[in-house]
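Spelled out, the chains give:
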Amino acid sequence: MFATFRLAAPLMAMACLTLTAPQALASESTHFDCGGNGLSISVTLEPETGTATVASPRGREQLSAESDGAWRDVTQELQFRADERPAILWMGSEQFSCRQTFAGAVQTQASGARGGTEAPVNAAGRSLGGRLRSGPGTHFGTAGSLNEGTPVTIVSNTGVRFDGYDWFEIRSASGFVAYQWGGIMCSEGQHIAGIYEQCRP
């Protein structure tokens, strides 16, 4: 009886999620802090429009998403890569490490919460379909959705548990980074703790 419940819960959750077209990966902006040593630089990605804004002491500058996953300005002097770990911003010959930031981010989730400590995973997996979030929990804004079977890189386990599964930071093939609940994911090659199941061939 217990085993049947564990299998049914994620399937019911998948049935309740609203899916969108594969192209509609994200609908909300993603923010990065690239400052340090007293320097304030921020990058805001707008995946829906394919643009990004860099705010630095020299002003606000616009970037555009390119096919190789990078975001660049027209002069190619500014370049941002969210797919690096950590994310990287180049301003001419200068390079800055960036970290994703969340408004009101917390490491615990109401209903089955535990204190979270992020752990790197860096493994291949697939989404079983469903919503992405801008942070690890349902209280974060929707950041798009994925169709069933979409390949992803499972970047890290956030340490935030919800209904028996963990929230994971994932990266799409295009380099977009968001969060998905492990109850609607599978892992390739080996089972990863906190994820629903190992992917089937």
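Here the structure is a predicted model, which means the values were calculated and not measured.

Procedures and definitions
Residues numbered from 1 in each chain as written. Predicted model: local features only at pLDDT ≥ 70, side-chain atom pairs only at ≥ 80, totals over all residues. Heavy atoms only, no water. Helix = DSSP H or I, 4+ residues; strand = E, 2+ residues; numbered from the N terminus. Buried < 20%, exposed > 50% of the residue type's maximum accessible area, 1.4 Å probe, protein only. Contact = heavy atoms within 4.5 Å. Areas by Shrake-Rupley, 256 points an atom, 1.4 Å probe, with all protein chains shown as cover. Phe/Tyr/Trp six-rings, centres within 6.5 Å; stacked < 30°, edge-to-face > 60°. Core = buried A, V, L, I, M, F, W, Y, C linked by side-chain atoms within 4.5 Å. Polar contact = N/O pair within 3.5 Å; in protein donor to acceptor, adjacent residues only side chain to side chain. Pairing = 2+ DSSP bridges. Disulfide = S-S within 2.5 Å.

When you go through the protein chain residue by residue, the secondary structure sums to 1 helix and 16 strands. Every one of the 201 residues in the protein chain was classed for burial, and the buried ones make up 44%. Intrachain contacts of the protein chain at a sequence separation of at least 6 include 50% that bridge at least 24 residues. About 10,200 Å² of surface is accessible on the protein chain, with carbon and sulfur atoms providing 54% of the total.

Moving on, we come to the packing of aromatic side chains. Across all of its chains, the model carries 4 aromatic pairs by this definition. The interplanar angle of 70° and the centroid separation of 6.1 Å between the aromatic rings of Phe-162 and Trp-181 together place this pair among those described as edge-to-face. Residue Phe-162 is found in strand E12 (residues 151–162), and its partner Trp-181 is found in strand E14 (residues 177–181); the two are separated by 19 residues along the sequence. Of the two residues, Phe-162 and Trp-181, neither departs from the other in class, the shared state being buried. Overall, the relative accessible area of 9% leaves Trp-181 in the buried class. Among the aromatic residues, ring-to-ring pairing joins Phe-162, Tyr-165, Trp-181 and Tyr-196 into one connected group.

Core analysis: the biggest nonpolar cluster contains 17 residues, and Phe-32, Cys-34, Val-43, Leu-45, Phe-80 and Leu-89 have the highest contact counts within it. Going through the elements one at a time, strand E2 (42–46), strand E3 (51–56), strand E6 (78–81), strand E7 (87–91) and strand E8 (94–101) are the ones with two or more residues in this core. Beyond its immediate chain neighbours, meaning those up to four positions away, Phe-80 contacts Phe-32, Cys-34, Val-43, Leu-45, Leu-63, Ala-70, Trp-71, Ala-87, Ile-88, Leu-89 and Cys-98. Core analysis: the second largest hydrophobic core is formed by 13 residues, Phe-168, Phe-176, Ile-192 and Ile-195 among them.

With that settled, consider the environment of Gly-149. One can find Gly-149 in the loop between strand E11 (142–146) and E12. You can call Gly-149 partly exposed: its relative accessible area is 35%. Along the sequence, Gly-149 and Cys-199 sit 50 residues apart, while their C-alpha atoms lie 9.2 Å from each other. Non-local contacts of Gly-149, meaning those with residues more than four positions away in its chain, are made with Arg-126 and Ser-127.

Turning to the side chain of Thr-158, a few remarks are in order. Relative to the helices and strands, Thr-158 resides in strand E12. Thr-158 gets classed as buried once you look at its relative accessible area, which sits at 2%. From its side chain, Thr-158 meets the backbone oxygen of Trp-167 in a polar contact 2.8 Å long.

What follows covers the sheet that holds E8. A barrel is described by the order of its strands in space; here 8 strands give the closed sequence E1-E2-E3-E4-E5-E6-E7-E8, paired in antiparallel fashion. Looking at chain direction, strand E5 (residues 71–72) and E6 are connected through 2 bridges and run antiparallel. Directly across from Arg-72, in E6, lies its bridge partner Gln-79.

Below, the discussion takes up the state of the cysteines. Going through the model one piece at a time under the given rule, you end up with 1 disulfide. Disulfide pairing places Cys-186 opposite Cys-199 at an S-S distance of 2.0 Å. Its S-S torsion of approximately 95° makes the covalent link between Cys-186 and Cys-199 right-handed. Of this pair, Cys-186 sits in strand E15 (residues 185–187) while Cys-199 sits in the segment after strand E16 (197–198), placing them 13 residues apart in sequence. Cys-186 sits in the buried class, given a relative accessible area of 2%. The class for Cys-199 is buried, based on a relative accessible area of 12%.

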